Amino acid sequence: MSARAAFAIVAIVGIAFTATAASAREVVPFEGRVSPGTIVIKTGERRLYYVRGDGTALRYRVAVGKPGKQWFGEARIDGKYVRPAWAPPAEVKRDNPRLPDVIPGGAPNNPMGARALTLNLDEYAIHGTNRPSSIGTYASYGCIRMLNEDIVDLYEQVSVGTRVVVER
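In this text, all values refer to a predicted model and were calculated from it rather than measured experimentally.

Rules behind the numbers
- Residues numbered from 1 in each chain as written.
- Predicted model: local features only at pLDDT ≥ 70, side-chain atom pairs only at ≥ 80, totals over all residues.
- Heavy atoms only, no water.
- Buried < 20%, exposed > 50% of the residue type's maximum accessible area, 1.4 Å probe, protein only.
- Helix = DSSP H or I, 4+ residues; strand = E, 2+ residues; numbered from the N terminus.
- Arc of directions from axis to C-beta.
- Contact = heavy atoms within 4.5 Å.
- Core = buried A, V, L, I, M, F, W, Y, C linked by side-chain atoms within 4.5 Å.
- Phe/Tyr/Trp six-rings, centres within 6.5 Å; stacked < 30°, edge-to-face > 60°.
- Lys NZ or Arg CZ within 6 Å of the ring centre and 35° of its normal.

K.L.:
What exactly am I supposed to notice about helix α3 (residues 148-157) here?
P.N.:
Side chains that are three or four residues apart share a direction in an α-helix, a result of its 3.6 residues per turn. Within the span of α3, buried status applies to Asp 150, Ile 151, Leu 154 and Tyr 155. Taken down its axis, α3 places every buried residue within 135 degrees of arc, on the same side. Against β2 (39-42), β3 (47-51), β4 (56-61), β6 (73-82), β7 (115-119) and β8 (125-127) lie the buried residues of α3.

Here it is, written out as structure tokens:
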């Protein structure tokens, strides 16, 4: 095989992988006892569902809390932020004392990513990430991480007051 042919194959595989990784959301059938407009997070699946009114939901791959850091129940979105600054909660700061007190919004080391939907429960949020490889894993201290392109998509569809249900 020539070097040119090998490069073409690698480029095609790379494009295919990138397209798959960027296509983290999909429309799926959804049967549940929640109203349209509700966000349902199934931690065991590491998936977030945005329930639509036609028997479907937008499904997104997410990262969820590490074992012992997860929470379950209901919350509401109480804030919407574009490229938010991040101040590590006390528990995170205790485990990582070298973290600065605040990481400015838009900074490459800011773990909040492109958007954040804060919840009216403790210090949790649904937010983007600067670590896309963490999506699909148990990675956080309880926040729900999404690919930046996916949190931007969800951010545009929800409003303050949106119900969020977190299940096992």
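That covers the picture; the talk isn't over yet.
K.L.:
How should I be thinking about the nonpolar core in this particular structure?
P.N.:
Within soluble globular proteins, side chains that are nonpolar generally end up buried alongside one another. Ile 39, Ile 41, Leu 48, Ile 126 and Leu 154 are the most contacted members of the largest nonpolar core, which totals 23 residues. If you list the elements that add at least two residues to this core, you get β2, β3, β4, β6, β7, α3 and β11 (163-167). The leading source of residues in this core is α3, at three residues. Dropping the residues within four chain positions of it, Ile 41 is found in contact with Arg 47, Leu 48, Val 64, Ile 126, Ile 144, Val 164, Val 165, Val 166 and Glu 167. If you look at the next biggest cluster of nonpolar residues, it comprises eight residues, including Ile 103, Ala 107, Met 112 and Cys 143.

K.L.:
I'm lost on the packing of aromatic side chains in this one. Help?
P.N.:
Here the distance between the centres and the angle between the planes together describe a pair of aromatic rings. Evaluated as defined, the whole model comprises two aromatic pairs. Centre to centre, the rings of Phe 30 and Tyr 49 are 5.4 Å apart; their planes meet at 45 degrees, and the pair counts as tilted. Highlighted residues: Phe 30 in the loop between β1 (26-29) and β2 and Tyr 49 in strand β3, separated in sequence by 19 residues. Assessed through its relative accessible area of 13%, Phe 30 is described here as buried. Aromatic side chains Trp 71 and Tyr 124 sit 5.3 Å apart centroid to centroid with 15 degrees between the ring planes, which places their arrangement in the stacked category. With Trp 71 in the loop between β5 (64-65) and β6 and Tyr 124 in the loop between β7 and β8, this residue pair connects regions lying 53 residues apart in the sequence. Residue placement shows Lys 42 over the ring face of Tyr 49; its charged tip is 5.3 Å from the ring centre. A cation sits over an aromatic face here: Lys 80 above Tyr 155, 4.4 Å from the ring centre.

K.L.:
Even after reading the chapter, I still don't get unusual backbone geometry, so can you show me in this structure?
P.N.:
With the exception of glycine, the majority of residues adopt a negative phi angle, and the majority of peptide bonds are in the trans configuration. One non-glycine residue, Arg 46, lies in positive phi territory at about 55 degrees. Tracing the chain through its elements places Arg 46 in the loop between β2 and β3. The phi angle at Arg 83 is positive, at roughly 40 degrees, despite the residue not being glycine. Considering the arrangement of structural elements, one finds Arg 83 in the loop between β6 and α2 (90-95). Take Arg 83: its relative accessible area is 53%, and that puts it in the exposed class.

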